[in-house]
Amino acid sequence: PYVANIHELDESVREFEPLEALLVPAGQDGTYYHELLSETSRYRLKKGGMLAMEVGASQGRKVARIMEEVGLSFVTIKEDLNSIERVVAGIWSQ
């Protein structure tokens with residue numbers, strides 16, 4: 001989930017995707033789960049383990065900063081076939 005406001009979603013997405021798979025808890029930023037997963041990755045990943053997360057349009061750089069702040073290295077942003085930032089990944093190297 002990476003959408004904070006249901007009105008940000010295209011109608012085709014609202015009609016066919018379960019909202020629980022798209023929306024963060026009420027009142028939270030769209031990167032809420034990205035921050036939570038990034039912060040807990042230090043306890044879940046072995047050295048060399050990778051964390052990769054799908055992001056919404058325009059969230060890539062913010063999520064990359066979050067990942068770098070918690071200590072992930074080699075953080076990269078990958079675009080989808082429409083050249084929209086779609087996945088941010090980093091390696092736990094500590």
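Coordinates for the structure precede this section.
Residues numbered from 1 in each chain as written. Predicted model: local features only at pLDDT ≥ 70, side-chain atom pairs only at ≥ 80, totals over all residues. Heavy atoms only, no water.

**A short note on the pattern of salt bridges**
Turning to step 1, where the next piece is worked out: Evaluation of the coordinates by the stated rule reveals three salt bridges.
Turning to step 2, where the next piece is worked out: The partner of Lys62 in a salt bridge is Asp29, and the shortest N-O contact between them spans 3.2 Å. In this pair, Lys62 sits in helix 3 (residues 60-69) while Asp29 sits in the loop between helix 1 (11-16) and helix 2 (32-44), placing the two residues 33 residues apart along the sequence.
Turning to step 3, where the next piece is worked out: The class of Asp29 is partly exposed, set by a relative accessible area of 40%.
Turning to step 4, where the next piece is worked out: With a closest N to O distance of 3.8 Å, Glu85 and Arg61 form a salt bridge. Residue Glu85 is located in strand 3 (residues 85-92), and its partner Arg61 is located in helix 3; the two are separated by 24 residues in the primary sequence. (Salt bridge = Lys/Arg side-chain N within 4 Å of Asp/Glu carboxyl O. Helix = DSSP H or I, 4+ residues; strand = E, 2+ residues; numbered from the N terminus. Buried < 20%, exposed > 50% of the residue type's maximum accessible area, 1.4 Å probe, protein only.)

**With respect to the pairing of strand 3**
Turning to step 1, where the next piece is worked out: The pairing of strand 1 (residues 50-54) with strand 3 spans five bridges and is antiparallel. Across the sheet, Met53 pairs through a bridge with Val88, a residue of strand 3.
Turning to step 2, where the next piece is worked out: Of the strand pairs in this sheet, strand 2 (residues 72-79) and strand 3 are connected by six bridges, and their pairing is antiparallel. In the sheet register, Ser73 faces strand 3, and the bridge partner there is Ile91.
Turning to step 3, where the next piece is worked out: Counted along the chain from strand 2 to the antiparallel partner strand 3, the turn is five residues long, and its residue Ser83 has a positive phi close to 65°. (Pairing = 2+ DSSP bridges.)

**Some remarks on the packing of aromatic side chains**
Turning to step 1, where the next piece is worked out: Considering all chains together, one arrives at one aromatic pair under this definition.
Turning to step 2, where the next piece is worked out: With a centroid separation of 4.9 Å and an interplanar angle of 75°, the aromatic rings of Tyr32 and Tyr33 are classed as edge-to-face.
Turning to step 3, where the next piece is worked out: Using a relative accessible area of 30% as the deciding quantity, one classes Tyr32 as partly exposed.
Turning to step 4, where the next piece is worked out: Judged by its relative accessible area of 28%, Tyr33 falls in the partly exposed class. (Phe/Tyr/Trp six-rings, centres within 6.5 Å; stacked < 30°, edge-to-face > 60°.)

**A few points about the sheet that holds strand 1**
Turning to step 1, where the next piece is worked out: Taken together, the three strands give an open sheet; going across it, the order is 1-3-2, and neighbouring strands pair in antiparallel fashion. Unpaired on one side and paired on the other, strand 1 and strand 2 mark the two borders of the sheet. Taking the axes of each pair of neighbouring strands and ignoring which way they run, one obtains an average angle of 15° across the sheet. (Axes fitted to C-alpha atoms, helices over the stretch in contact; angles between N-to-C directions.)

**Re helix 3**
Turning to step 1, where the next piece is worked out: Taken residue by residue, helix 3 has Gly60, Val63, Ala64, Ile66 and Met67 as its buried positions. When helix 3 is viewed along its axis, its buried side chains cluster within an angular range of 160° and face the same direction. Exposed residues pointing more than 90 degrees away from the buried face of helix 3 are listed as Arg61 and Glu69.
Turning to step 2, where the next piece is worked out: Contacts from the buried residues of helix 3 go to helix 2, strand 1, strand 2 and strand 3.
Turning to step 3, where the next piece is worked out: Looking one or two residues beyond helix 3, the residue adopting positive phi is Gly71, at roughly 110°. (Arc of directions from axis to C-beta. Contact = heavy atoms within 4.5 Å.)

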